[in-house]
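# Architecture and fold: a report
Each chain, letter by letter, is given below.
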Amino acid sequence: MYLDPGFGSMLIQALIAAIAVGGAYLLVFKKRIVGFFKKKGAVEGAGAKEDEGKAAK
Amino acid sequence: MREFSSFRDPSGVVLIQDGQVIRQVNRCYREQYDALMAKLYAPLTERGLLIPHEELGQAPEDENAYRLIRPVQIPYISYPYEWSFGQLQDAALTTLRIHRAALDQDMILKDASAYNIQFLNGRPVLIDTLSFDFYQPGSPWPAYGQFCRHFLAPLMLMAHKDLRLSQLMRVYIDGVPLDLASTLLGGRGGFAAKQHIHWHARSTQRHGEDGKGEVRKVSISKFSHQAMIDSLLRIVGGLKLKGVETEWGDYYAHTNYSDSAAQSKEALVREFLEEVKPKTAWDFGANDGRYSRLALAYGGSVVAFDVDPVAVERSYRAVKAAKEPMLPLVLDLTNPSPAMGFANRERVGIAERQKPDCILMLAVIHHLVISNNLPFSMLAEWLSSLTGSLIIEFVPKEDSQVRTLLATRDDIFPDYTKEGFERAFSPYFTIVRQRPVEGSERTLYLMRAKGVQ
């Protein structure tokens, strides 16, 4: 059976879309953490950067 | 008359009537068209993403026809291999934004062809009003592969490898093949390239060739689909050109013109333009569009061509900010965009798209004649086939820039003189005015093509 090359583009979207959902949650998470520490002030702000780095991983 | 390139889509036909583009919506597309008009047309046109149109009252002659619509006319059709990086990037973002807005209304953009985007007053708009379809729950984006070939692959290659790779679009009419993009990118482009180019290319090859792959219906939730488009918007929006400078990018900083000579030249160009009052003008060798802009004074449009993609990028940014009816495009005058596609008629050459009232050609002739060994007479003949009026600057051998060009080569140009130039142009053009550019060795001419009123 011959498959349209477009099928590969459809198939890979299942994986890419799942990654994008993960990425979207991470972004929200990152914004919340940054927002939380911004409110707390400069001293805790340094800690926020560490957490942000972990979140991105 | 049917427009040749509109043969792919059964939803409608593009017609040319009295020089105007008219789109016929076919009956088979009626539901989609009505849904578009009810839910999406207003927000998309208000955001400047979709070209506005009016419905024509006249009854269509074709029995397949449902409606005839007349879109706002695009002054000059351009193609992705003529765009700068920022133009292609903005066209990509427009495509994604439209699809994202359509999803919210349970519709999709079914094509993501770069040729469906055109520039109007400095902004990219979708011109194919019939590119929409209904969203089927769970279905992936059918245009995703095309989006990556037409936009993401060339943008990543330009940003991460070499700006000139945009020219691959001129070879591959349906966008850069992803396996080629994958090879050329190598390890560049990070995780975004890994997903959308490398994995995508592999998936396309594996499941396209032998049919051994699992045949099943791919299903992704609408939420995931939207997240993927949002992610693509961030990826495309985040692409940047780094450390790019080319020989002409800084031209005006390195020009041999004094301020007074530049002002004198500008005043002369204005004066000559005033005689022509062009509604449409081209500027060959426009650089950042400094002189092209002068031709906007007559209420028309200008196409500002230059060989340097960085100069075109700079010009585009200025045009976009000012919303000017000027279109900066990348073009090599020694090898202009050809006619391409099926029967060489899908994408047309530069001259088949418009006959401008006037062409400006300032400080270019020495590059064509001396650097490219092009005889004056061949240039004159070509120019006279393109336009009725020509504003052209002659740069003599005494000029420091010509001296630089001649420094490393034999002077095999005995006829490269003011007299030789006039003699070669005279069979094709009448010289209406000629004035020296004060503070330089150069002369500016206004010429009219022979046989043109």
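Residues numbered from 1 in each chain as written. Chains lettered and ligands numbered in written order. Predicted model: local features only at pLDDT ≥ 70, side-chain atom pairs only at ≥ 80, totals over all residues.

## Structural notes on the overall build of chain A
The helix and strand inventory of chain A stands at 2 helices and 0 strands. Within chain A, the fraction of its 57 residues that count as buried is 18%. (Helix = DSSP H or I, 4+ residues; strand = E, 2+ residues; numbered from the N terminus. Buried ≥ 20, exposed ≤ 12 C-beta atoms within 10 Å, placed from the backbone.)

## With respect to the confidence of the model for chain A
Residues of chain A with pLDDT of at least 70 account for 61%, and the chain-wide mean is 73. Here residues 44–57 of chain A is a poorly scored stretch, pLDDT under 50, and it has 16 contacts once near neighbours within four places are set aside; other chains count. (pLDDT = per-residue confidence, 0-100. Contact = placed C-beta atoms within 7 Å.)

## So, the sheet that holds strand E1 (residues 12–17) of chain B
Strands in a sheet are paired, the pairing made by backbone hydrogen bonds, and the direction either parallel or antiparallel. All names here are of chain B. Strand order in the open sheet formed by 4 strands is E1-E2-E4-E3, and the pairing between neighbours is antiparallel. Here the strands that pair on one side only, and so sit at the sheet edges, are E1 and strand E3 (53–55). With strand direction ignored, the average angle separating the axes of adjacent strands in the sheet is 30°. Alignment of E1 against strand E2 (residues 20–26), held across 6 bridges, turns out to be antiparallel. Bridging from a neighbouring strand, Gly-12 pairs with Val-25 of E2. (Pairing = 2+ DSSP bridges. Axes fitted to C-alpha atoms, helices over the stretch in contact; angles between N-to-C directions.)

## Structural notes on the sheet that holds strand E11 (residues 326–330) of chain B
All names here are of chain B. Within the open sheet, the 7 strands sit side by side as E11-E10-E9-E12-E13-E15-E14. Their pairing is mixed. What marks the edges here is a single partner per strand, and that holds for E11 and strand E14 (429–436). Between one strand and the next, the sheet's axes are offset by a mean angle of 20°, whatever the strand orientation. Pairing geometry for strand E12 (residues 358–361) and strand E13 (residues 389–394), over 4 bridges, is parallel. When the bridges of E13 are listed, Leu-360 appears paired with Ile-391. Sitting on the sheet, helix H10 (residues 309–322) touches strand E10 (301–306) and E11, and the angle it makes with E11 is about 165°.

## Examining unusual backbone geometry
All names here are of chain B. The phi dihedral of Asn-287 is positive, around 50°, even though this residue is not glycine. Mapped onto the secondary structure, Asn-287 falls in the loop between strand E9 (280–284) and E10. A residue is classified by how many C-beta atoms lie within 10 Å of it, and Asn-287, with 27 of them, is buried. Of note in this structure, Asn-344 is not a glycine but carries a positive phi near 55°. In this structure, Asn-344 sits in the loop between E11 and E12.

## Things to note about the domain arrangement of chain B
All names here are of chain B. You can read the domains of chain B as domain 1 (12–71), domain 2 (80–238) and domain 3 (251–449). Each of domain 2 and domain 3 has a C-alpha centre, and the two are 36 Å apart. Taken together, the 13 residues of domain 2 in the interface contact 19 residues of domain 3. Here the side of domain 2 that touches domain 3 gets 3 residues from one element, more than from any other, and that element is helix H2 (residues 85–104). When the residues that make up the side of domain 2 that touches domain 3 are grouped by side-chain class, the tally is 6 nonpolar, 5 polar and 2 charged. (Domains from an automatic or database assignment. Nonpolar A, V, L, I, M, F, W, Y, C, P; charged D, E, K, R; others polar.)

## Digging into the interface of chain A and chain B
With 22 residues of chain A at the interface, the matching set in chain B holds 25 residues. Grouping the constituent residues of the side of chain A that touches chain B by class yields 16 nonpolar, 5 polar and 1 charged.

## Focus: the nonpolar core
Residues and elements named next belong to chain B. Counting residues in hydrophobic clusters, the biggest one holds 126 residues, and the most contacted among them are Ala-153, Leu-155, Met-156, Ile-197, Leu-360, Met-361 and Ile-391. Tallying contributions element by element places helix H3 (residues 144–160) first for this core, with 11 residues. Residues within four places of Met-361 in sequence aside, it is in contact with Phe-284, Gly-285, Leu-390, Ile-392 and Glu-393. (Core = buried A, V, L, I, M, F, W, Y, C linked by C-beta atoms within 7 Å.)

## Notes on the packing of H2(B) against helix H7 (residues 222–238) of chain B
Residues and elements named next belong to chain B. At their nearest, the axes of H2 and H7 sit 10 Å apart, and the two run at 160° to each other. Taken together, the axes of H2 and H7 lie roughly antiparallel to each other. Pair H2 / H7 crosses with left-handed handedness. Each of Gln-89, Ala-92, Leu-93, Leu-96, His-99, Arg-100 and Leu-103 in H2 lies in contact with H7, whose residues at this interface are Lys-222, His-225, Gln-226, Ile-229, Leu-232, Leu-233, Val-236 and Gly-237. (Parallel < 35°, antiparallel > 145°, perpendicular 65-115°, else oblique. Left-handed = near helix turned anticlockwise from the far one by under 90°.)

## Section: the pairing of E9(B)
All names here are of chain B. Among the 5 residues of E9, 4 are classified as buried, and the element is accordingly described as predominantly covered. Here E9 pairs with E10 via 5 bridges, running parallel. Residue pairing in the sheet places Ala-281 in a bridge with Val-302 of E10. Where E9 and E12 come together, 4 bridges link them in parallel fashion. Among the inter-strand pairings, Phe-284 is bridged to a residue of E12, identified as Met-361.

## With respect to the environment of Glu54(B)
Residue and element names in this part refer to chain B. Summarising the element assignment, Glu-54 is placed in strand E3. For the pair Glu-54 and Ala-339, spaced 285 residues apart in the sequence, the C-alpha separation amounts to 30 Å. Once residues lying within four places of it in the same chain are set aside, the contact partners of Glu-54 are Ile-69 and Arg-70.

## Thoughts on the pairing of E2(B)
Residues and elements named next belong to chain B. Between E1 and E2, which pair antiparallel and follow one another directly, the connecting turn spans 2 residues, one of which, Asp-18, has a positive phi of 50°. As judged from the 4 bridges shared by E2 and strand E4 (residues 65–71), these two strands associate in the antiparallel manner. Bridging across to E4, Gln-24 finds its partner in Leu-68.

## Notes on H10(B)
Residue and element names in this part refer to chain B. Here H10 is 14 residues long and its end C-alpha atoms lie 20 Å apart, about the 20 Å a rise of 1.5 Å per residue gives. Regarding H10, the residues found buried are Pro-309, Val-310, Ala-311, Val-312, Glu-313, Arg-314, Ser-315, Tyr-316 and Val-319. Lys-323, located one to two residues past H10, shows a positive phi value of around 50°. (Expected span 1.5 Å × (residues − 1).)

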